[in-house]
Amino acid sequence: MTTYLVRRLLALIPVMAVVVTTVFFIIHLIPGDPVSVMLGPDATTSQIEETRKAMGLDRPLYEQLVLFYTRILKGDLGRSYFLDRPVTTALWERAEPTIVLTLTSLFVAVAIGVPSGIIAAAYPGSAWDRVLMLGALLGVCIPGFWLSLNFIYLFAVRLGWLPAAGYASVLENPWAALRYMVLPAVSLGFNQSALIARISRSCMLEVLQQDYIRTARAKGLSQRVVVYIHAFRNALVPVVAVIGITMAILIGGAVVTEIVFNIPGLGRLIISAILRRDYPVVQGVVLVTAAAYVLINLAVDLVYGFIDPRIRYD
Amino acid sequence: MGHRTLLRTILATLATIALVVVGAAVDADAQKKGGVVRVGNLGEPPTLDAHWTTASITETLTNHIYEGLYTLDDDNKPMPMLAESLPAVSRDGLTYTFKLRRGIKFHNGKEMTSDDVVASLKRWSQQSIYGKDLFGYVTDLRAADKYTIEMKLKEKVAIVTINLGVANNFAAIYPKEIAEKFKPQDKVTEYVGTGPFKLVEWKPDRYIRMARFDDYKPRSEKPSGYGGAKIAYVDQIDWIPVPDVATRVAQMETGELDFADDLNADAFDRLQKSATARPIIAKMYYWLVAVLNKKEGLMTNQKLRQAWQAALDMEPIMKNVAGGRSEFYRMDYNLIHREIASWHVTMSGLPWNEHNKEKAKKLLQEGGYKGEPIRFMTTQEYKWMYDFALLTKQQLEDAGFTIDLQVVDWATLVKRRNNPKEYDAFTTGIGPQYDPTNSNVLSCSWPGWTCDEEIQRIKTEMIRETDYKKRFALWEQMHKVFYEKVPVIRYGDLFGLRAASKKLKGFNEKTERIRFYNVSIE
């Protein structure tokens, strides 16, 4: 187990190196430069050239790459051109909103998805099954931003139950934080619950058709015990895999939600950073997100072992 | 009733009337202190260093924190701000003497003196476009005494107070220590000014928080434009970046914001029906232009530029860009916004908005055009730019042009437009210019490069000429030359949409940029 963990963690290094280098080139190869954006529309051509020079952006790309790597090895992600602060500080400030949003949406997605899948599978072909799967189909089809805007219009503008947009820190003001988080978490989570529901249903159906379930039924066990005690655990492995993927998707999907609900998280940071070519910030966000992705995958693999003792790590 | 009683009654009545009148007068004047204004804007400023960038968001924010020697009044003419009065000019016009107001404090408690002004103006002269323009004529700037500054010029020019007074990329006065600590090409990161509000906290993507500066000394004149008495009624301004425009509108309706800028015209009806907010049409916004590359490529050909101009029917384009609403656009050929009345010309017979396909075709032929594709850059980040580019392409192709419309993001566009090899034309908007000599479409150092000799000659004469009437005659001449040489294609004026909470009082709707001094919350 420990060897497995160490091996997996070491494998992280080349993955991250590839990610870092790719990002560096992609962002530098898209046309546009931060200086022209920063100096504003009325800036003169000579003023832009002078400032580029002062910022070291006129240096050759390989020189900038070497500088970038030497910095990273020292744990320094550079300084944002726009935000007047180190990238690590900027990332740290945005981490909390994104983590909170991802976890609450995941909670919503699982809370809706898993039970719907199980109920649909327990009574296949029933009206429940059809209604739930229609819901899941809608969840997959409706674009997230459209759902978000309608939620805002209905629950904030019309009914006035919840604020339209904004963010409060959980640590400072939990009640306000909850109020701000309901709409984004539900609109982001609803989309993802659909996938979880469909996977849970098909896994459950597969398990329910196996011999040991028939045996359990033959022993006269109730539907509830059969479904929740005997079948559920065995249907869970693929579902956990999907939940892991969902979490990774949520980090990415948070981009749109963070813009619409004005949540100051990593998704919003990277969008604005790309638009204004804030290279250090883009590199920093991608680096951190990629690391999170890889670590979530690792965590999912480890969770399998707990659910299904037959899975061994050697 | 005895005499005394009568007298007493009359006196009492008079006293009551007097009290009521005085009371009412006080009441009408009583804007309450206190409260927070939450302003929703587009995004983060690239910096809060006013000298550093021409970005409008920086302009809006920094004008609450800093002040310059001069600013613009309701008629967009220079008026004194930190200077006591307009400068004293020597008889030969070469020496300007500025007297400073006394007892003005910076947010750090230090008194502002001429040393701070000299250090700040020197820094400004090396980074700001207006500073560079002006200081091309300055030979010496020094502190004559604690409250007096002397500026010596190479030759007589007309642009001293206007360049010191424009609100964009402006001559903000910083404490000497800060002005000298940060090189002009490095952004200032310590924000200390003399303005009615001071910076409290900048949390990127969350808010920029400003609070009333209690030691602020307002001027005695009435508020006018960006100047006169500036009083901070509200305790605090929170500038909240809300990048999504639909979210900004929704937050105005729920009362989560007290003010929102840069909304889309299609939100106008919704805001008119709102119980909490009201719409404001921002009258000076942009006039739209297609800037033509006069350094390299096809558009160096004057006939082609004239053909472009002759082909267009601008009203349908403008109407479309304004979402079909006539409140949001105006047809005008003036090279400075009509609101800046002192530069408004009325001329007839200029070849603007001709919609003459035949003339265009003839000009193309004369220009030897063989249908080569013309690279026209635009961006979808600003919907109005994309809309007018698309409609232009259609109309031009009807007249025989081949247009290669290149849709890129804003960062790409502003980078590419500096390289004469990469494009033939691009879209942009021109905000208010307060003096003809500040116009970027007439500048040889701005993208598109209007280096035409005749245009530059008139411009130089306008810089040197100090008599307004003669300057105005030159300005009329400039219009004639402009429409003959066609350095850029001028479309109509587009207006913006803002929204203010119904509780907000005293907001000046006439200025181009939003200001929250003299504004209170009911």
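It should be noted that the structure appears before, not after, this text.
Residues numbered from 1 in each chain as written. Chains lettered and ligands numbered in written order. Predicted model: local features only at pLDDT ≥ 70, side-chain atom pairs only at ≥ 80, totals over all residues. Heavy atoms only, no water.

Asker: Please clarify how the pattern of salt bridges should be interpreted in this entry.
Answerer: Any two side chains of opposite charge can pair, on the condition that their charged atoms come close. Residue and element names in this part refer to chain B. Considering all chains together, one arrives at 50 salt bridges over all chains under this definition. Residue Arg513 pairs with Glu59 through a salt bridge whose shortest N-O separation is 3.4 Å. Residue Arg513 is located in the loop between strand E18 (504-505) and strand E19 (520-521), and its partner Glu59 is located in helix H2 (residues 56-65); the two are separated by 454 residues in the primary sequence. Each of the two residues, Arg513 as well as Glu59, counts as buried. The partner of Lys393 in a salt bridge is Glu397, and the shortest N-O contact between them spans 3.6 Å. (Salt bridge = Lys/Arg side-chain N within 4 Å of Asp/Glu carboxyl O. Helix = DSSP H or I, 4+ residues; strand = E, 2+ residues; numbered from the N terminus. Buried < 20%, exposed > 50% of the residue type's maximum accessible area, 1.4 Å probe, protein only.)

Asker: Quick question: what am I supposed to make of the side chain of Gln192(A) here?
Answerer: Mapped onto the elements of the fold, Gln192(A) is located in helix H8 (residues 174-208). Look past the residues within four positions of Gln192(A) in its chain and what remains in contact with it is Ala109(A), Thr246(A), Ile249(A) and Leu250(A). (Contact = heavy atoms within 4.5 Å.)

Asker: Help me out: how do you make sense of the interface of chain B and chain A in this one?
Answerer: For an interface, size is often stated in terms of accessible area lost upon the parts coming together. The interface of chain B with chain A comprises 49 residues on the first partner and 47 residues on the second. Together, the buried faces of chain B and chain A total about 3900 Å²; carbon and sulfur atoms form 52% of this surface. Of all residues in chain B, Pro204(B), Asp205(B) and Arg206(B) bury the most surface against chain A, accounting for 14% of the area lost on that side. Our count for the contact surface shared by chain B and chain A stands at 5 salt bridges. The salt bridge partner of Asp84(A) is Lys187(B), with a shortest N-O separation of 3.8 Å. Here chain B is connected to chain A by 25 residue pairs in polar contact (both at pLDDT 80 or more). If you list the elements that add at least two residues to the side of chain B that touches chain A, you get helix H4 (129-135), strand E10 (236-241), helix H7 (245-254) and helix H13 (410-416) of chain B. When the residues that make up the side of chain B that touches chain A are grouped by side-chain class, the tally is 21 nonpolar, 14 polar and 14 charged. (Buried area = accessible area lost by both parts, 1.4 Å probe. Polar contact = N/O pair within 3.5 Å; in protein donor to acceptor, adjacent residues only side chain to side chain. Nonpolar A, V, L, I, M, F, W, Y, C, P; charged D, E, K, R; others polar.)

Asker: Hey, could you run me through the side chain of Asn518(B) in this one?
Answerer: Residues and elements named next belong to chain B. Tracing the backbone through its elements, the reader meets Asn518 in the loop between E18 and E19. A distance of 3.1 Å separates a polar side-chain atom of Asn518 from the backbone oxygen of Ala229. When residues no more than four places from it in sequence are discounted, the contact partners of Asn518 are Gln31, Pro223, Ala229, Lys230, Ile231, Tyr233, Lys505 and Gly506.

Asker: Can you help me understand the pairing of strand E1 (residues 36-41) of chain B in this one?
Answerer: A regular strand places its side chains so that they alternate between the two faces of the sheet. All names here are of chain B. Relative to E10, E1 runs parallel, the two being bridged by 6 bridges. When the bridges of E10 are listed, Val36 appears paired with Gln236. In terms of strand pairing, E1 meets strand E11 (residues 259-263) through 2 bridges, oriented parallel. The residue of E11 that forms the bridge with Gly40 is Ala260. (Pairing = 2+ DSSP bridges.)

Asker: I keep staring at the sheet that holds strand E6 (residues 138-145) of chain B and nothing clicks. Help me out?
Answerer: Across a sheet, strands are paired by hydrogen bonds formed along the backbone, either parallel or antiparallel in direction. All names here are of chain B. Spatially, E4-E5-E7-E6 is the arrangement adopted by the 4 strands of the open sheet, whose pairing is antiparallel. The outermost strands of the open sheet, each flanked by one partner alone, are strand E4 (88-89) and E6. Across 6 bridges, the pairing between E6 and strand E7 (residues 148-153) is antiparallel. Looking across to E7, one finds that Ala143 is bridged to Ile149. In the packing of helix H3 (residues 114-127) onto the sheet, contacts are made with E6 and E7, and the angle to E6 comes to roughly 165 degrees. (Axes fitted to C-alpha atoms, helices over the stretch in contact; angles between N-to-C directions.)

Asker: Help me out: how do you make sense of the state of the cysteines in this one?
Answerer: Simply put, disulfide is the name for a covalent bond between the sulfur atoms of two cysteines. Residue and element names in this part refer to chain B. This structure, assessed with the given rule, holds 1 disulfide over all chains. Shown here is the disulfide that connects Cys444 with Cys451, its sulfur atoms set 2.0 Å apart. Of note, the bridge from Cys444 to Cys451 carries an S-S torsion of about 90 degrees and is right-handed in sense. For Cys444, a relative accessible area of 36% corresponds to the partly exposed category. (Disulfide = S-S within 2.5 Å.)

These values are about where atoms sit, not about what they do.
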